Amino acid sequence: MKIDNSWYNFLKNEFQKKYFKNLMNFINNEYITKEIYPPKTEIYNAFNYTDLEDVKVVLIGQDPYHGKGQANGLSFSVADDIKIPPSLRNIYKELNNDLNIEIPTSGNLEKWADQGVFLLNATLTVEASNAGSHQNKGWEEFTDAVIQILSEQKNNLVFILWGAYAQKKGAKINRSKHFVIESAHPSPFAAYRGFFGSKPFSKTNNFLKSKNIKEIDWKL
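These numbers were taken from a predicted model, which means no experiment stands behind them.

Reading the values: rules and limits
Residues numbered from 1 in each chain as written. Predicted model: local features only at pLDDT ≥ 70, side-chain atom pairs only at ≥ 80, totals over all residues. Heavy atoms only, no water. Buried < 20%, exposed > 50% of the residue type's maximum accessible area, 1.4 Å probe, protein only. Helix = DSSP H or I, 4+ residues; strand = E, 2+ residues; numbered from the N terminus. Pairing = 2+ DSSP bridges. Core = buried A, V, L, I, M, F, W, Y, C linked by side-chain atoms within 4.5 Å. Contact = heavy atoms within 4.5 Å. Phe/Tyr/Trp six-rings, centres within 6.5 Å; stacked < 30°, edge-to-face > 60°. Right-handed = clockwise from strand over helix to strand, strands pointing away.

**Q** For this particular structure, what's the right way to read the pairing of strand β3 (residues 117–121)?
**A** As a general feature of sheets, a regular strand has side chains that alternate between the two faces. Counting buried residues in β3 gives five out of five residues, a clear majority hidden from the surface. Examined bridge by bridge, strand β2 (residues 57–61) and β3 share five bridges and lie parallel to one another. Residue pairing in the sheet places G61 in a bridge with N121 of β3.

Below is the structure:
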């Protein structure tokens, strides 16, 4: 349960703060006494798949999935053999509509992460079948610090903020340095209120291309 790459130097001060130590005490006890997702070794997958220097796009989610075997440490992503959740199905529908890319059969987004799409959840752990159970324990303070680091240390990032929660989370983004895409959340409850037709994938690539940054191959 550690961050191995370039992120560590920017986050090591955060790891020493009281809130984070309290959070780790809570999390360690939760893994001992309850069923917690994702697996402990995958909590920091977003960081370990996408080095800080490689980040091009930041896609902010809220909680990990709380169903058995779903969460893999990357926002909106599930393992290859897991049924694709409703929000991700809608993301794929918009991908097909936006770029005419065939709808994937797997919900695993590691290919995006490997290309510089930082798939960050606001809360990095959750109790089985108990959505939001690890909110307000310290993860949000940690991920706010991560977003601030990205905003300060990088230039010309694309931040994709789906839904009110992610948009609130984006308050620390310096919008004079970065491109922010906002729309309704892709969940079945909200997707028809502005997510469908928002074309986030082509907008992202058009911005990256305008800055002479290699575009994302969104095909999975």
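**Q** Quick question: what am I supposed to make of the nonpolar core here?
**A** Soluble globular proteins tend to pack their nonpolar side chains together in the buried interior. Residues W7, Y44, F47, F118, W139, F142 and L150 are the most contacted members of the largest nonpolar core, which totals 66 residues. Once residues within four sequence positions are removed from consideration, F47 is found in contact with I3, N5, W7, L11, F118, L120, L124, F142 and V146.

**Q** What should I look at first to understand the packing of aromatic side chains in this one?
**A** Two aromatic rings are characterised by how far apart their centres lie and by the angle between their planes. On inspection of all chains with the given rule, the structure shows 22 aromatic pairs. Ring geometry for Y44 against W139: centres 6.2 Å apart, planes inclined by 75°, an arrangement best described as edge-to-face. On the criterion of sequence distance, the pair formed by Y44 in the loop between β1 (36–37) and α3 (45–49) and W139 in helix α6 (residues 139–153) is long-range, its members being 95 residues apart. Measuring from centroid to centroid gives 4.9 Å for W112 and W218, while their planes differ by 90°, and the two rings are edge-to-face.

**Q** Help me understand the pairing of strand β6 (residues 179–183) in this model?
**A** Alignment of strand β5 (residues 158–162) against β6, held across five bridges, turns out to be parallel. Bridge pairing in β6 places L161 opposite E182. With helix α7 (residues 163–169) bridging β5 and the parallel β6, this β-α-β connection has right-handed handedness.

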